Amino acid sequence: MNAELSVKCDHCKWNDTTIIYPSTLKSGLDESDFTVFGELGEYPQIVKCNYCDLIFASPRDDGRELEKKYKALPVVEYLEEVESRRLISKKDAQLVESYCKEGRILDIGCSAGIFLSQLKPHYKKFGIEPSVYAATEAQRTVTDAQIYNSLFQEAPLEGLSFNVATMWDVIEHLDSPSSVLARLHDLLADKGYLILVTPNFSGFMSRIMGKRWPHLIRGHIYYYTPKTIRVVLENNGYEVVSIKGYTRYFKISYILKRIGIIKNSRSWPSFLSGLDITVPVNFDDAMCIVARKV
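1. Observations concerning helix α6 (residues 177-187)
Here is step 1: α6 sits mainly inside the fold: eight of its eleven residues count as buried.
Here is step 2: Along α6, the positions that sit buried rather than exposed are P177, S178, V180, L181, R183, L184, H185 and L187.

Okay, here's the thing in structure tokens:
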């Protein structure tokens, strides 16, 4: 079994918390499955800071061991929904273009590079991805991008400045979001934008599903509400421009698998083929935040 560590609040550094959900972990980190469907229903103890209200996992897996897990993460399951993810990324690219018409774009946690592939060719594209498999796929498919197969903290970015940085479903995985936001602030150009998406702990689905909320997984170690993400960003030198709900596109079959209703779509009878239709999804369980460096 891997050791679990109690941690202080990443934002205010207090060590006074209230338990929200007890741990449901059944195995050590080495035996855990971090693929898309492999970790549903298993998560560390979830607590709330009694000083700033930030919600996070504690005790939890050691950050260095988590990094090893992400470096070895496969990309096959992620790419099973590649067409749906392209639809999402096309919308994300349009959002970026509405704030920045040209310049350098840095995508942190770029996975297989689907978002970068949807950006127009005149942008200078950079991606950071710890997974060897995903980074290799990203560099193969997005030939006009510079892909760094590393953690953000290890990427050789000194001397570069970026007009926009993006984190699509990434900040909740970080061992120390505040340290990443601080370094990113140094890398952004004057009045550069940070655009990120993360689960909304105060959203409708989280409140209705409680401990069964699908975003409660081992790999998610920080959870935000509109209030706490605003405070964290402002304290790290950003001005929040907007916080809005976030719409994704997925096949109905994927959604049912993601919430644990069905297991295997490959053995369905033909009359269930309609479940492979792609639909827009907004359950008020994710938010998109646009912030600007100040």
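2. Some points on the pattern of salt bridges
Here is step 1: Per the counting criterion, the structure on display carries 14 salt bridges.
Here is step 2: Between D175 and R60 there is a salt bridge, with the nearest N and O atoms lying 3.5 Å from each other. Of this pair, D175 sits in the loop between β9 (162-168) and α6 while R60 sits in strand β5 (residues 60-61), and the two are 115 residues apart along the sequence.
Here is step 3: Taking the relative accessible area as the measure of exposure, R60 reaches 3% and is therefore buried.
Here is step 4: The salt bridge involving D92 is made with K91; its shortest N-O contact spans 3.9 Å.
Here is step 5: The class of D92 is buried, set by a relative accessible area of 3%.
Here is step 6: You can call K91 partly exposed: its relative accessible area is 24%.

3. A closer look at the sheet that holds strand β11 (residues 222-223)
Through backbone hydrogen bonds, the strands of a sheet pair up, either in parallel or in antiparallel fashion.
Here is step 1: Here four strands make up an open sheet; going across it, the order is β2-β3-β4-β11 and the pairing antiparallel. At either margin of the open sheet sits one strand with a lone partner, and together these are β2 (17-21) and β11.
Here is step 2: Where β2 meets strand β3 (residues 46-49), four bridges bridge the pair, whose relative direction is antiparallel. Each residue of the ladder has a partner; that of T17, found in β3, is C49.

4. Digging into the sheet that holds strand β15 (residues 286-293)
Here is step 1: Read from one edge to the other, the open sheet built from seven strands follows the order β8-β7-β6-β9-β10-β15-β12, with strand pairing classed as mixed. Of all the strands in the sheet, just β8 (145-148) and β12 (238-245) have a single pairing partner and so form its edges. Strand-to-strand twist across the sheet, computed as the mean angle between neighbouring axes with direction ignored, equals 15°.
Here is step 2: In the sheet, β12 pairs with β15 via seven bridges, with the strands oriented antiparallel. Its bridge partner being in β15, V240 is matched across the sheet by A291.
Here is step 3: Taken strand by strand, α6 contacts β6 (104-108), β9, β10 (188-199), β12 and β15, and its axis lies near 145° from that of β10.

5. Considerations on the nonpolar core
A general trend in soluble globular proteins is that nonpolar side chains are found buried together.
Here is step 1: Ranked by size, the top nonpolar core spans 55 residues in total, and within it L106, F152, L157, M167, L184, L194 and L233 carry the most contacts.
Here is step 2: No other element matches α6, which puts four residues into this core.
Here is step 3: Non-local contacts of F152, meaning those with residues more than four positions away in its chain, are made with L106, I108, I128, L157, V180, R183, L184 and L187.
Here is step 4: Among the nonpolar cores identified, the runner-up in size contains 26 residues, and V142, V164, I195 and F250 belong to it.

About the cut-offs
Residues numbered from 1 in each chain as written. Predicted model: local features only at pLDDT ≥ 70, side-chain atom pairs only at ≥ 80, totals over all residues. Heavy atoms only, no water. Buried < 20%, exposed > 50% of the residue type's maximum accessible area, 1.4 Å probe, protein only. Helix = DSSP H or I, 4+ residues; strand = E, 2+ residues; numbered from the N terminus. Salt bridge = Lys/Arg side-chain N within 4 Å of Asp/Glu carboxyl O. Pairing = 2+ DSSP bridges. Axes fitted to C-alpha atoms, helices over the stretch in contact; angles between N-to-C directions. Contact = heavy atoms within 4.5 Å. Core = buried A, V, L, I, M, F, W, Y, C linked by side-chain atoms within 4.5 Å.

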